[in-house]
2 protein chains.
Amino acid sequence: MAGVNITLLAGGVGGAKAAEGLAFGHYAQGVKVIGNVADDDEFHGLWVSPDIDTLIYSLGDQIDRQQGWGRKGESHQTLKELAALGQDTWMTLGDLDLATHIYRTQQRKQGVSMSDITQGLATRHGVNLPILLPTDDMVQTRVKTPTGWLSFQEFFVREHCQPDVIEVAYQGADQATPNAAALAQLSTSDLIVIAPSNPVVSIGAILAIPDIRQAVIDSAAYVVAVSPLIGGKTVKGPADKMLASEGKSVDSKGIYDSYQGFIDGMVIDPQDAQEADWLLAQGVDVLVTPTLMKERDDKVSLLDQVVAFALDKQAMRAA
Amino acid sequence: MAGVNITLLAGGVGGAKAAEGLAFGHYAQGVKVIGNVADDDEFHGLWVSPDIDTLIYSLGDQIDRQQGWGRKGESHQTLKELAALGQDTWMTLGDLDLATHIYRTQQRKQGVSMSDITQGLATRHGVNLPILLPTDDMVQTRVKTPTGWLSFQEFFVREHCQPDVIEVAYQGADQATPNAAALAQLSTSDLIVIAPSNPVVSIGAILAIPDIRQAVIDSAAYVVAVSPLIGGKTVKGPADKMLASEGKSVDSKGIYDSYQGFIDGMVIDPQDAQEADWLLAQGVDVLVTPTLMKERDDKVSLLDQVVAFALDKQAMRAA
């Protein structure tokens, strides 16, 4: 069944894996991705969009598969030289990757919208599905720690997610103008898939824009989330700390709470199967299936299952 | 005789060779270089100062000795990727070199003066003499060709100096505020050495700033120019076309005319020895000595001779 209008809400590495699963799967036609721009930051005067680039490089098969981000065949000549010039270089930016940041920064300076820049980069990398941005405005995730507020990359990369998280804020989200294309996509979707991304700093940052959250809530689409937890642990990243900082539990309940009010179905790993009953009791459909994605086959298999499950449940609800 | 206060007016490759000759020669102590910023331009949103970088990389022994510009051990990953992104990449910018441009652009954006940025870069590269800029303002050489005005780099790099040159202009020079350090250096110099650089687009661009030219004219220093011509030809670059565009001859007379009003001595190659008499008749002291500089020894030997010659002639004039 091709042609189902599917929106994927995606963060970084987990989001990119889910995007690949959809892009190369049975339902590829009709898939659009809404990515996260709130991890964006400036380094060396260059504007870096880590989550968007991870999506583009993954879908274009130019990602470093070992680490899940950055370019394959990457070198770091420029960064080494910037270090020699006394610059902070904890944010790893390779030479190929820097071309993306130089290009984006220049285009941005010339007044090209972040959406159009993203499309230009996606085209160059042979990405076969549209990547939409929730907003072209600047929204930035900030993380409050015992020693003060950090930018997301400071927390994530520089501090290796070590500090305790007291609070997460989305600077600029309230004032951000949502992109019409993202709102239109959400309102016309048959299905909204929430990738196994961090519910706070990835998906939460997209939904922090009030009109985007409202569009998800208002959408007639079936909304299904793939839990980023396996056996109560995050596969990658600080989702556990982030959930805890919001007073949520680090389990399917915590994920459910993050998406409460608009979630119809959840996909959880067999290691968390014992949490299915609680979810079902909340009126949430549950698919229990292995959610770890390593190779492309894993990704396609999981996302094909997720969509088939959601369409099936949606049809049952409609009947 | 160390401690002579010497100013070198220097352009790109020829200027950098002369700077090395002074920096590693007998008179190294007390040498300051005034470099050319009018070749500067923006590429990919990054501010590039080709002549200043050639000076810094040469003096720091990090220049690609084969080509005379750019970094040794250079790679071009970022540029290749920018080309793949559809960008014009005729201006060769290597990965190591790009760090310089990224650093300069960011510092500039933060309000650091071009002089301070230059000093920071020079320090990083171990440059052992001060590099002063004639101005921290933007001055840009423009070249009028039969098809219209080109930036200097468009003419020099993109068009390989092929178009006829109708006129050369120094955009911004009239309005540029001269740097106090450059003016002070010129007014206190014992000796001003004009490197074998292009008299029009390198030295001419420095002297296009009215107060800088006046400071050279007013200086009590002995002013000696090393001709960039050997056998009536330029060693490198488009000095011949440039001289012709100003109605000057492509020989020692043309060089003399470029510096008329303030030149005391000239250094010419034995291949141009027949032009010595004409220069002497103008009241210009002449040193005939091989001016081709390949190895560091050539540079040091030539510049030591130039300074010794100038000091000798200066002493004779004072006597």
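Rules of the game
Residues numbered from 1 in each chain as written. Chains lettered and ligands numbered in written order. Predicted model: local features only at pLDDT ≥ 70, side-chain atom pairs only at ≥ 80, totals over all residues. Heavy atoms only, no water. Pairing = 2+ DSSP bridges. Helix = DSSP H or I, 4+ residues; strand = E, 2+ residues; numbered from the N terminus. Contact = heavy atoms within 4.5 Å. Buried < 20%, exposed > 50% of the residue type's maximum accessible area, 1.4 Å probe, protein only. Lys, Arg positive; Asp, Glu negative; His and termini not counted. Salt bridge = Lys/Arg side-chain N within 4 Å of Asp/Glu carboxyl O. Polar contact = N/O pair within 3.5 Å; in protein donor to acceptor, adjacent residues only side chain to side chain. Arc of directions from axis to C-beta. Buried area = accessible area lost by both parts, 1.4 Å probe. Least-squares fit on C-alpha atoms with pLDDT ≥ 70 in both. Phe/Tyr/Trp six-rings, centres within 6.5 Å; stacked < 30°, edge-to-face > 60°. Lys NZ or Arg CZ within 6 Å of the ring centre and 35° of its normal.

## A short note on the pairing of strand β6 (residues 140-145) of chain B
Here is step 1: For β6(B) and strand β8 (residues 167-171) of chain B, the ladder comprises 5 bridges, and the chain directions are antiparallel. Note that in β8(B) the partner of T141(B) across the bridge is Y170(B).

## Examining the environment of V226(B)
Residues and elements named next belong to chain B.
Here is step 1: With respect to the element layout, V226 can be found in strand β10 (residues 222-226).
Here is step 2: V226 sits 84 residues away from A310 along the chain, and the two C-alpha atoms are 11 Å apart.
Here is step 3: Filtering out sequence-adjacent residues up to four positions away, V226 remains in contact with I194, A195, P196, V267, T291, L302 and V306.

## Re the side chain of D95(B)
Here is step 1: Of note, D95(B) is situated in helix α4 (residues 95-109).
Here is step 2: K80(B) provides the closest opposite charge to the buried, salt-bridge-free D95(B), at an N-O distance of 7.5 Å.
Here is step 3: Separated by 2.9 Å, the side chain of D95(B) and the backbone nitrogen of Q77(B) make a polar contact.
Here is step 4: Beyond its immediate stretch of four places on either side in the chain, D95(B) contacts Q77(A), T78(A), D95(A), E74(B), S75(B), H76(B), Q77(B) and T78(B).

## Focus on helix α7 (residues 180-188) of chain B
Here is step 1: Turning to α7(B), its buried residues are A182(B), Q185(B) and L186(B). What you see down the axis of α7(B) is that its buried residues fit within an arc of 95°, all on one side.

## Topic: the side chain of N198(B)
Residues and elements named next belong to chain B.
Here is step 1: Tracing the chain through its elements places N198 in the loop between β9 (191-194) and α8 (203-207).
Here is step 2: Overall, the relative accessible area of 10% leaves N198 in the buried class.
Here is step 3: Residues within four places of N198 in sequence aside, it is in contact with I203, G204, P238, A239 and M242.

## What about the interface of chain A and chain B?
Here is step 1: At the interface, 26 residues of chain A touch 26 residues of chain B.
Here is step 2: Both sides of the chain A and chain B interface together cover about 2,300 Å² of buried area, and 59% of this is carbon and sulfur.
Here is step 3: The largest contributions to the chain A side of the interface with chain B come from E81(A), L85(A) and I102(A), which together make up 25% of the buried area.
Here is step 4: Applying the counting rule to chain A against chain B returns 6 salt bridges.
Here is step 5: Notably, a salt bridge pairs E81(A) with R124(B), separated by 3.1 Å at the nearest N-O pair.
Here is step 6: Our count for the contact surface shared by chain A and chain B stands at 8 residue pairs in polar contact (both at pLDDT 80 or more).
Here is step 7: Those elements that place two or more of their residues in the side of chain A that touches chain B are α3 (77-84), α4 (95-109) and α5 (114-124) of chain A.
Here is step 8: Broken down by element, the side of chain A that touches chain B gets its largest block of residues, 9 residues, from α4(A).

## Description of helix α5 (residues 114-124) of chain B
All names here are of chain B.
Here is step 1: All of the buried residues along α5 are M114, I117, T118, L121 and A122. Along the axis of α5, the buried residues cluster in a sector spanning 135°; they form a single face. In α5, the exposed residues that point more than 90 degrees away from the buried face are D116 and T123.
Here is step 2: Each element contacted by the buried residues of α5 is listed here: β4 (46-48), α2 (50-59), α4 and β5 (131-132).
Here is step 3: Two residues or fewer after α5 comes G126, characterised by a positive phi angle close to 70°.

## Re the relation of the copies chain A and chain B
Here is step 1: By a simple turn and slide, chain A fits onto chain B: the slide is 0.0 Å along the axis, the RMSD is 0.0 Å, and the turn is 180°. One copy is carried onto the other by what is essentially a two-fold rotation axis. Across chain A, the rotation axis passes nearest the C-alpha of D95(A), at a separation of 3.4 Å.
Here is step 2: Same-surface contact between copies: 100% of interface residues of chain A are shared with the interface of chain B.

## A look at the packing of aromatic side chains
Residues and elements named next belong to chain A.
Here is step 1: Considering all chains together, one arrives at 8 aromatic pairs over all chains under this definition.
Here is step 2: The aromatic ring of W47 is capped on one face by R108, whose charged end is 3.9 Å from the ring centroid.
Here is step 3: Lying across the ring of F24, R296 places its NZ or CZ 3.6 Å from the centre.

## Observations concerning the pattern of salt bridges
Residue and element names in this part refer to chain B.
Here is step 1: Throughout the structure, instances matching the rule amount to 30 salt bridges over all chains.
Here is step 2: The salt bridge involving R158 is made with E159; its shortest N-O contact spans 2.8 Å.
Here is step 3: With a closest N to O distance of 2.6 Å, K248 and E246 form a salt bridge.

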